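Working through the structure, step by step
As a plain string of letters, each chain reads:
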Amino acid sequence: AKLPFFPEVLAYALLVYKFQTFRSAILHKIKTSYPAKIKKSMAGFNLLSGKLEVQFAIRLPASQHHEIFSARPHHVSNMAPAKVRNCAVHEGDLGQKGTIIEWDYVHGDLMKEYKNFMIVVKATPKSESTSLIHWTLEYEKLSEDIPEPFSLLKFFVHLSKDIDDHHAEKKEAK
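Everything in this summary refers to the structure shown in the same document.

Parameters and conventions
Residues numbered from 1 in each chain as written. Predicted model: local features only at pLDDT ≥ 70, side-chain atom pairs only at ≥ 80, totals over all residues. Heavy atoms only, no water. Phe/Tyr/Trp six-rings, centres within 6.5 Å; stacked < 30°, edge-to-face > 60°. Helix = DSSP H or I, 4+ residues; strand = E, 2+ residues; numbered from the N terminus. Pairing = 2+ DSSP bridges. Axes fitted to C-alpha atoms, helices over the stretch in contact; angles between N-to-C directions.

Focus on the packing of aromatic side chains
According to the stated counting rule, one finds eight aromatic pairs in the structure shown. Aromatic pair Phe69 and Trp103: ring centres 6.2 Å apart, planes at 50°, arrangement tilted. Of this pair, Phe69 sits in helix α3 (residues 62-71) while Trp103 sits in strand β3 (residues 100-105), and the two are 34 residues apart along the sequence. Aromatic side chains Trp135 and Phe156 sit 4.4 Å apart centroid to centroid with 20° between the ring planes, which places their arrangement in the stacked category. Within this pair, whereas Trp135 is found in strand β5 (residues 131-141), its partner Phe156 is found in helix α5 (residues 150-173), the two being separated by 21 residues in sequence.

Right, here's the structure in full:
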């Protein structure tokens, strides 16, 4: 079954993206329009750093979504093989807060365009059998020419949807 709210998720993500693009355009205009003295005082404005967020509902319980990403991330490649090839613990222990997991995924190598990139997923119970998923991408681009990672945000929405569909199909097969 398709999720009826999915277009709204993309509309919300697009709104976040448009705000980020607007913010970047305004800050770029300010930086290029003011005299050098004022540019120096604007050093705190950073066009390279940003944050994108999206929240949406899925049919999978929050505890199960959390457990997949915290304790069984290596199973994600079985649930969404077109998106994730593999993963490995880079630092810490599975199931522990702060664990760093290195992902081999279809989207490409983030470190070619970004100095820093942090991805956070949070699952909050909506009911006994559904949850709200909140993805946050915080990043620092290597240059102003690199676009906001909106396509990566969309990738994670689709990844969660694939995991949700995988579990829904398993449930229906029983």
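Having seen the model, we can carry on.
Details of the sheet that holds strand β4 (residues 114-125)
Taken together, three strands build an open sheet; the order of strands is β1-β5-β4 and the sheet is antiparallel. Looking along the sheet, the strands with just one partner apiece sit at the ends: β1 (49-58) and β4. The sheet shows a mean angle of 10° between the axes of neighbouring strands, direction not considered. In this sheet, β5 lies alongside β1 in antiparallel orientation, the contact comprising 10 bridges. Paired with Lys51 across the strands is Glu138, a residue of β5.

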